[in-house]
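# Examining the three-dimensional arrangement
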Amino acid sequence: MSDTSRTDGRTRLLFHLSDIHFGLEDNLALDWVKREIAQRRPDAVAITGDLTMRARHREFNAAIHWITALDVPVTVEVGNHDMPYFNPLERFLKPYKRFKGMAALIEKEIDMNGLVIVPLKTAVRAQPRFNWSKGWVTDRALDKCLAALDALPEGCRALVAVHHPLREVGTEGTALTKNGGKALAELAKRPVEAVISGHVHDPFDIMEETTCGPVRMIGAGTLSKRTRSTPPSFNEIRWDGEKLTVRARNLEEVDTRDMQIDDVPEDARPPRDPGDPVAPVRQVPRVDPPVR
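Residues numbered from 1 in each chain as written. Predicted model: local features only at pLDDT ≥ 70, side-chain atom pairs only at ≥ 80, totals over all residues. Heavy atoms only, no water.

Looking now at the packing of aromatic side chains. To describe a pair of aromatic rings, one takes the distance between the centres and the angle between the planes. Applying the stated criterion across every chain yields a total of 4 aromatic pairs. When the centroid spacing of 4.9 Å and the interplanar angle of 50° are considered together, the rings of Phe15 and Phe234 count as tilted. Here Phe15, found in strand E1 (residues 12–17), pairs with Phe234, found in strand E12 (residues 233–239); they are 219 residues apart in sequence, far enough to count as distant. In this pair, the class of Phe15 matches that of Phe234, namely buried. A centroid spacing of 4.8 Å and a plane angle of 70° characterise the contact between Phe60 and Phe99, whose relative ring orientation is edge-to-face. Linking Phe60 in helix H2 (residues 57–68) with Phe99 in the loop between helix H3 (88–93) and strand E4 (110–111), this pair joins segments that are 39 residues apart in sequence. Grouped by ring-pair contacts, the aromatic residues Phe15, Trp32 and Phe234 constitute a single cluster. (Phe/Tyr/Trp six-rings, centres within 6.5 Å; stacked < 30°, edge-to-face > 60°. Helix = DSSP H or I, 4+ residues; strand = E, 2+ residues; numbered from the N terminus. Buried < 20%, exposed > 50% of the residue type's maximum accessible area, 1.4 Å probe, protein only.)

In this section: helix H5 (residues 180–187). For the α-helix, the turn length of 3.6 residues means that residues three or four positions removed from each other point alike. Listed as buried for H5 are Gly180, Ala183, Leu184, Ala185 and Leu187. Structurally, H5 contributes buried residues whose contacts are with helix H4 (139–150), strand E7 (157–161), strand E8 (177–178), strand E9 (192–197), strand E10 (204–210) and strand E11 (213–219). (Contact = heavy atoms within 4.5 Å.)

Now for unusual backbone geometry. Even without glycine at this site, His201 takes up a positive phi of about 70°. Tracing the sequence through the fold places His201 in the loop between E9 and E10. On the accessibility criterion, His201 (0% relative accessible area) is buried. Residues other than glycine seldom take positive phi values, yet Glu253 does so here, at roughly 55°. Mapped onto the elements, Glu253 comes out in the loop between strand E13 (244–250) and helix H6 (256–259). On the basis of relative accessibility, which here comes to 72%, the residue Glu253 falls in the exposed class.

Spelled out as structure tokens, the structure:
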């Protein structure tokens, strides 16, 4: 990566999308986002996982068609819903086979001239606990991410892109993202402006304290019909060289702060129990939408 001028005075624009869930996608929201991308021409689009609902071939075909038509730089993280669901052999031996139409975009590092998107994989094909939808930061994935961060030219800042928020909510066996705390502590030592993620279907923007200092965590909502407590949305992120600002864009024009939850839940299901994180707008569906 060349060390070009990092202070050209131009504000960088990033569209942060997540959890599109083709197969249960919200086409009204997707058409709107596609128009926004064509008109606004962001420097990059980061999609933080769960492109599909059940990793079916037709769902991947729809995702590939939509994503590859975006005429801007794109990077894509793999979500837990993107692992082969009905084919265990393929899941273990060729888990990314169905990404073949956009393989070059998977975990792609993008340099926006001073602000670099660096991937960190959290979705794994298997793990030693019952719920494989949870996140897991392996030593190999973390080492790869840290090596990329350490190789950045002096003065660069980074956005680390993950699918699962790096929070170990719950007990040892039910932690949202195993080794998430370890990863955050390592990221706190490096020039990381924020960690961007998906998975929980509601936007958030919080500071997470670690033993090595605070790390900002930014979550995007969903662009599917699997809403939690907010309408479908994406994050519009701006970087002026010093300050990162986030706006949760949605068709209903709900204010960003009313869209954001104050804590990270353990899963992407609508809040049903007392104490579940809920956005102030509180657009909680009565029931979960059917899985086709």
